[in-house]
Amino acid sequence: MKYAFYPGCVSRGACPELYASTIEVCARLGIELDGKSMQSASCTGSGVLQEKNLRLGDTLNARNFALAEKSGLPLMTICSTCQGVMSQANQRLQTDPEYLASINSDLAEEGLEYKGTADPKHLLWLLFEEVGLEKLRSRVIRPLTGLKIAPFYGCYIVRPSSALGFDEHPERQDSLERLIEALGAEVAEFPGKTACCGFPIATINQKASLSMVANHTVSAKDSGATAMVTPCPLCHLNLDGYQPEAAAQAKQDIGLPILHLPQLIGLAMGIDPEAMRLNRHIMSTTKV
């Protein structure tokens, strides 16, 4: 299996541990990642650009899709925010031929054209729909028995469901829970798993953002969670990076480790924690 690899911005900047762990895990699953075809890809706009200039955001995504098409490979991402933004952009482009043609007229200046065939897919979905749970289980050499893991989807990989293919793939709705169980761990259910982490408002209302971090992590910890896992690097940034400030604001100790999706998988595969840079987190992952 070979994919045009779109890692997104954060895994190559603020969260390099996500990129490193992805490389380690995919190598063991026989997933070949072609990063060369996407080297000139841009940010998806992260939903923020789209609020100001939807056409510009869609043009950037169409350009990324055109690069993937040019490679002849399916498109894979490891960022939930990127997945949600790309899926929404792709829905607009594929359902409006005139809009797509107009955007292609801009891409033509660079010799690119998006034909509308891209189907961006997050690593989480790919594990179920392409790799298969049986193959994943066969690579588990260190079952995560005794760990209770709280799943945190965040916003963009669960809504709007119409753009994310939930009708065709209903299993995407509980994919994190089933993955946790496949790795031998127990699911820690808590009410905030599909809520916003607070990252989008961190710069305009830090108090509210920190309250959201505290609410989610405390709720997960109260459910017995050993750690939390997320497929979104932006959620990780907020839930891990700002947890000390959230704890101080809430005036209580939290101390909940936040893992990137590939790191959890890698632990079950027996990959060296340092190779996945688990020692680079703000909240210590030692107990995990």
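Everything in this summary refers to the structure shown in the same document.

1. Regarding the packing of aromatic side chains
Summed over all chains, the structure comprises 3 aromatic pairs. Aromatic side chains Phe 65 and Tyr 114 sit 5.2 Å apart centroid to centroid with 50° between the ring planes, which places their arrangement in the tilted category. Taken together, the positions of Phe 65 in helix H3 (residues 54-71) and Tyr 114 in the loop between helix H5 (97-107) and strand S4 (121-122) put the pair 49 residues apart, joining distant regions of the chain. Overall, the relative accessible area of 0% leaves Phe 65 in the buried class. Where Phe 152 meets Phe 190, the ring centres are 6.5 Å apart and the plane angle is 20°; that geometry is what we call stacked. A residue pair is termed long-range when its members are at least 10 positions apart, and Phe 152 in the loop between strand S5 (148-151) and helix H8 (175-182) and Phe 190 in the loop between strand S6 (186-187) and helix H9 (206-222) qualify at 38 residues. Take Phe 152 and Phe 190: they sit in the same class, and that class is buried. Its guanidinium or amino end placed over the ring of Tyr 19, Arg 12 lies 3.9 Å from that ring's centre, counting from NZ or CZ. Positioned above the aromatic ring of Trp 125 is the side chain of Arg 172, whose terminal nitrogen or guanidinium carbon lies 3.8 Å from the ring centre.

2. Observations concerning the side chain of Thr 77
Mapped onto the fold, Thr 77 is located in strand S3 (residues 75-77). With a relative accessible area of 0%, Thr 77 lands in the buried category. At 3.2 Å, the side chain of Thr 77 forms a polar contact with the backbone nitrogen of Cys 79. Once residues within four sequence positions are removed from consideration, Thr 77 is found in contact with Tyr 6, Cys 82, Gln 83, Met 86, Lys 121, His 122 and Leu 123.

Calculation notes
Residues take numbers from 1 onward in each chain, read along the sequence in its written order. Local features in this predicted model are restricted to residues of pLDDT 70 or higher, and side-chain atom pairs are both shown and tallied only at a pLDDT of 80 or more, whereas totals for entire chains, interfaces and linings draw on every residue. Only hydrogens and water are set aside; all other atoms, that is, all heavy atoms of the structure, feed into the side-chain values. The pairing test for Phe, Tyr and Trp rings, Trp by its six-membered ring, is centres within 6.5 Å, and the orientation test on the planes gives stacked under 30 degrees, edge-to-face over 60, and tilted for anything in between. By the criteria applied, helices consist of DSSP H or I runs no shorter than four residues and strands consist of E runs no shorter than two, each listed in order from the N terminus. Burial classes: relative accessible area under 20% of the type maximum marks a residue as buried, over 50% as exposed, and values in between as partly exposed (1.4 Å probe, protein chains only). Here, a charge over a ring means that NZ of Lys or CZ of Arg falls within 6 Å of the ring centre while also lying within 35 degrees of the ring normal. Here a polar contact is recorded for every N or O atom pair within 3.5 Å, except that within protein the pair must consist of a potential hydrogen donor and a potential acceptor, and residues adjacent in sequence are included only if both atoms are side-chain atoms. Residues are treated as being in contact if the distance between any of their heavy atoms lies within 4.5 Å.

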